[in-house]
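# Architecture at a glance
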Amino acid sequence: MTSENSGLIASDASEPAEIVPAPASLVPHLREVAILLDIDGTLLDLAPTPREVWVPPALAETLKTLMQRTSGALALVSGRSLNDIDLIFAPDVYPAVGGHGAEMRLAGGSEADSVKAPPLDKELKRRLAAIAKLSQGILLEDKGYSLALHYRLAPQAEQAIYDEVSRIRAELPEAPIEVLPGKCVCEIKPAGFTKASGVRELMRHAPFKGRKPFFIGDDVTDESVFAIMPDFAGLSFSVGRRALGVDGHFDAPNDVRAFLARLAGR
Ligand SMILES: [Mg+2]
């Protein structure tokens, strides 16, 4: 999706370079903070397909150290399901908000503590899935709570995909769904929850409750979380495209990993 659809996030070209790199000194002592991290495009480099992402061993070590030093107040916040998150980070398990807020888990290794999502209607899912046939290179991903159409390998199909999604929605006006534009991905999920609602729920419980969170995210869906950080006296950091109103910025996931490693070693 292009930048005019992306709300708070301005394109690299139009945004003056006024947001400073995120300094670790902004972050209070680790015993006072909750660390909230988007996964794709934030912790991990984006891959041609969602299955190809890779967790560098040094990152796995950093995250484990930060988990210990925050007494478990580190959570992954993703559009991926908890199940998918666990496969990516195996054998390590973390507290998480999954499925764009559909699922929330306070401790690694446990089942979801809450599940918000009804399953997507089967007929709707079938019709949305057929959109992948518009062009070679469109990848369909059933994320459990949502359906994602990836077009990184078929960028020319972007408009046709969104047109077709709009047409299907118009034909099924009763379906409580919403469309999430992302980086070379069009995602369709049930309405009624977001990453922000998932984070709000997470922050109501120990070990997160009462801590000052900081959230790092790179995409349009992360803006909802940036927006609620002040409610918790927290901080928000963007990655890649510069988001407006954040406390700091990273150019790439590699910079996020270096920042977290510095925090872990502090
Ligand atoms: Mg992301």
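All of these numbers come straight from a predicted model, not from anything done at the bench.

Rules used in this analysis
- Residues take numbers from 1 onward in each chain, read along the sequence in its written order.
- A pLDDT threshold of at least 70 governs which residues receive local features in this predicted model, and a stricter bar of 80 or more applies before side-chain atom pairs are shown or counted, although totals over entire chains, interfaces and linings include all residues.
- Note that the side-chain values use all heavy atoms of the structure and ignore hydrogens as well as water.
- Each helix corresponds to a stretch of at least 4 residues labelled H or I by DSSP, and each strand to a stretch of at least 2 residues labelled E; elements are numbered beginning at the N terminus.
- Contact criterion: two residues are considered in contact whenever any of their non-hydrogen atoms come within 4.5 Å of each other.
- When accessible area is computed with a 1.4 Å probe and restricted to protein chains, residues below 20% of their type maximum are described as buried, those above 50% as exposed, and intermediate ones as partly exposed.
- Only when DSSP finds a minimum of two bridges between them are two strands counted as paired.
- Throughout, right-handed denotes a crossover for which the path from the first strand over the helix to the second runs clockwise when the strands point away from the viewer.
- As a rule, N, O and S atoms within 2.8 Å of a metal are its donors, except that Na, K and Ca use 3.2 Å; water is not among the atoms, so sites may look incomplete.
- Side-chain atoms within 4.5 Å are what join buried Ala, Val, Leu, Ile, Met, Phe, Trp, Tyr and Cys residues into a set we call a nonpolar core.
- Confidence of the predictor at the level of single residues is captured by pLDDT, which takes values from 0 to 100.
- Axis lines are fitted through C-alpha atoms, for helices just across the contact stretch, and the angle between N-to-C directions can take any value from 0 to 180 degrees.

### As for the side chain of S114
- With respect to the helices and strands, S114 occurs in strand β5 (residues 114–115).
- Ignoring any residue separated from it by four or fewer positions in sequence, one finds S114 in contact with A102, E103, M104 and E201.

### Regarding the pairing of strand β10 (residues 212–217)
- Buried residues dominate β10, accounting for five of its six residues.
- In the sheet, β10 pairs with strand β11 (residues 235–239) via four bridges, with the strands oriented parallel. Residue I216 lies in a different strand from β11, and its bridge partner there is F237.
- The β-α-β motif built from β10, the intervening helix α6 (residues 223–228) and the parallel element β11 has right-handed crossover chirality.

### Observations regarding the coordination of the magnesium ion
- For the magnesium ion, every protein donor is listed as D38 (OD), D40 (O) and D218 (OD), and the spread of their distances is 2.1 Å.
- The sequence pattern describing where the donors of the magnesium ion fall on their chain is D-x1-D-x177-D.

### Observations regarding the nonpolar core
- In this structure, L43, F89, F214, I216, F259 and L260 are the most contacted members of the largest nonpolar core, which totals 36 residues.
- Of all the secondary structure elements, the ones that give two or more residues to this core are β1 (33–37), α1 (57–69), β2 (74–77), α2 (82–89), β10, β11 and α7 (253–265).
- In this structure F214 touches V27, V33, A34, I35, L36, M229, L235, F237, F259, L260 and L263, once residues within four positions along its chain are discounted.

### What to know about the confidence of the model for the protein
- This prediction gives the protein a mean pLDDT of 88; 91% of its residues lie at or above 70.
- Taken element by element, the predicted model of the protein shows its lowest mean pLDDT in β5 (84) and its highest in β2 (98).

### Some details on the environment of V97
- When you line up the elements, V97 lands in strand β3 (residues 96–98).
- Taking relative accessible area as the criterion, V97 reaches 0% and is therefore assigned buried.
- For V97 and L202, which are 105 residues apart along the polypeptide, the C-alpha to C-alpha distance reads 7.7 Å.
- What V97 contacts, discounting residues up to four positions off in sequence, is L76, V77, S78, L82, I85, E103, M104, K195, G198, V199 and L202.

### What to know about the sheet that holds strand β7 (residues 147–150)
- With antiparallel pairing, four strands are arranged side by side in an open sheet as β6-β7-β9-β8. Only two strands of the sheet have a single neighbouring strand rather than two, namely β6 (139–142) and β8 (177–182). On average, each strand axis in the sheet is inclined to that of its neighbour by 20°, with strand direction left out of account.
- Pairing analysis gives six bridges linking β8 to strand β9 (residues 185–190), with the strands arranged antiparallel. For V179, the partnering residue across the bridge sits in β9 and is I188.
- Those strands touched by helix α4 (residues 158–171) are β7, β8 and β9, and its axis lies near 170° from that of β8.

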